[in-house]
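Single-letter residue listing:
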Amino acid sequence: MRIVLIIFLLTSVIYSFGQLGSITGFVFDRGQGKGLSSANIVLDGTTIGCASDSKGNFRLDSVPFGQYRIRIGMVACDTTMTVNVNGHVKMEVTFPPPCKYDMAVNDNRCPRCHRRDKSIPINYGLLVLARGTKRREYYDGGCDISCCMPNWYCKRDKLKF
Ligand SMILES: [Zn+2]
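Residues numbered from 1 in each chain as written. Predicted model: local features only at pLDDT ≥ 70, side-chain atom pairs only at ≥ 80, totals over all residues.

## What to know about the nonpolar core
Side chains that are nonpolar tend, in soluble globular proteins, to be buried together. For the record, the criterion: A set of buried residues qualifies as a nonpolar core if it consists of Ala, Val, Leu, Ile, Met, Phe, Trp, Tyr and Cys joined through C-beta atoms within 7 Å. Partly exposed residues are those falling between the two cut-offs: more than 12 but fewer than 20 other C-beta atoms within 10 Å of their own, whereas 20 or more means buried and 12 or fewer means exposed, with C-beta atoms placed from the backbone. Secondary structure elements are taken from DSSP: a helix is a run of H or I of four residues or more, a strand is a run of E of two residues or more, and numbering for both begins at the N terminus. Any pair of residues counts as being in contact when their C-beta atoms, constructed from backbone geometry, are within 7 Å of one another.
In terms of nonpolar packing, the biggest core is built from 16 residues, with Val27, Ala39, Ile41, Ile72 and Phe95 touching the most fellow members. Of all elements in the fold, only strand E1 (20–29), strand E3 (40–43), strand E5 (57–64), strand E6 (66–74) and strand E8 (88–95) reach the threshold of two or more residues within this core. Ignoring sequence-local partners within four residues, the contact set of Ala39 consists of Val27, Ala51, Ser52, Ile72, Gly73, Met74 and Phe95.

## As for the sheet that holds E3
Condition: Two strands qualify as a pair provided DSSP detects at least 2 bridges between them. Inter-axis angles, ranging from 0 to 180 degrees, are taken between N-to-C directions of lines fitted to C-alpha atoms, where helices are fitted over the stretch in contact.
On the basis of which strands lie adjacent, the open sheet formed by 4 strands has the order E4-E3-E6-E7 and antiparallel pairing. Pairing within the sheet leaves two strands with one partner each, and these edge strands are strand E4 (49–51) and strand E7 (77–85). Each strand axis lies, on average, 20 degrees off the axis of its neighbour in the sheet, ignoring direction. Looking at chain direction, E6 and E7 are connected through 9 bridges and run antiparallel. The residue of E7 that forms the bridge with Ile72 is Thr79.

## Side note on unusual backbone geometry
Positive phi values are uncommon outside glycine, yet Ser38 reaches one of about 60 degrees. Within the secondary structure, Ser38 is located in the loop between strand E2 (34–35) and E3. Under the C-beta neighbour-count criterion, Ser38 is labelled exposed, with 12 such atoms within 10 Å. Of note in this structure, His114 is not a glycine but carries a positive phi near 55 degrees. Note that His114 resides in the loop between E8 and strand E9 (119–121).

## Details of the environment of Thr24
Note on placement: Thr24 falls in strand E1. Put simply, Thr24 and Phe58 are 34 residues apart on the chain and 5.7 Å apart in space, counted from C-alpha to C-alpha. When neighbours within four sequence positions are excluded, Thr24 is seen to be in contact with Arg59 and Lys90.

## Notes on the sheet that holds strand E13 (residues 159–160)
Strand order in the open sheet made by the 3 strands is E9-E12-E13, with antiparallel pairing throughout. The sheet is open, and its two borders are formed by E9 and E13, each paired with just one other strand. The sheet contact formed by strand E12 (residues 152–154) and E13 spans 2 bridges and is antiparallel. Across the sheet, Cys154 pairs through a bridge with Leu159, a residue of E13.

Here it is in structure tokens:
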């Protein structure tokens with residue numbers, strides 16, 4: 001009788017703590033208009049991850065139930081979103097996410113000389129003191145967050161716009 005009770009307790013513990021779900025998804029490449037291959041997919045704070053296949057599909061199995069931040073991206077650039085795993089989750093992600101500095105939207109014509117030939121995109125960045133050291137580290141700016149180029153700089157007029 002005691003053994004049966006222990007087994008019952010054990011199985012109920014495993015049942016309540018060991019529930020596993022899965023995530024399948026599709027990463028859409030905004031620039032190419034098709035699935036994005038070899039994108040890295042990682043659940044923050046876990047070792048669970050994979051890469052999208054040649055068609056942009058991915059699958060994560062054996063994901064313990066819970067809420068995660070899923071990180072989807074390429075080298076030096078990614079996007080995150082919250083995903084709640086309580087069974088099987090399907091998701092579709094467009095990459096890169098929309099950006100207010102998108103070059104396709106943002107005109108690079110200089111407002112002063114009205115030409116584009118000397119316009120270069122600017123990467124904003126920040127130099128910060130690394131924690132506990134005297135070393136300065138460079139942190140990339142908004143460009144890396146949404147994977148697009150921010151504002152323009154006209155080299156002729158030395159004007160930022
Ligand atoms: Zn100009």
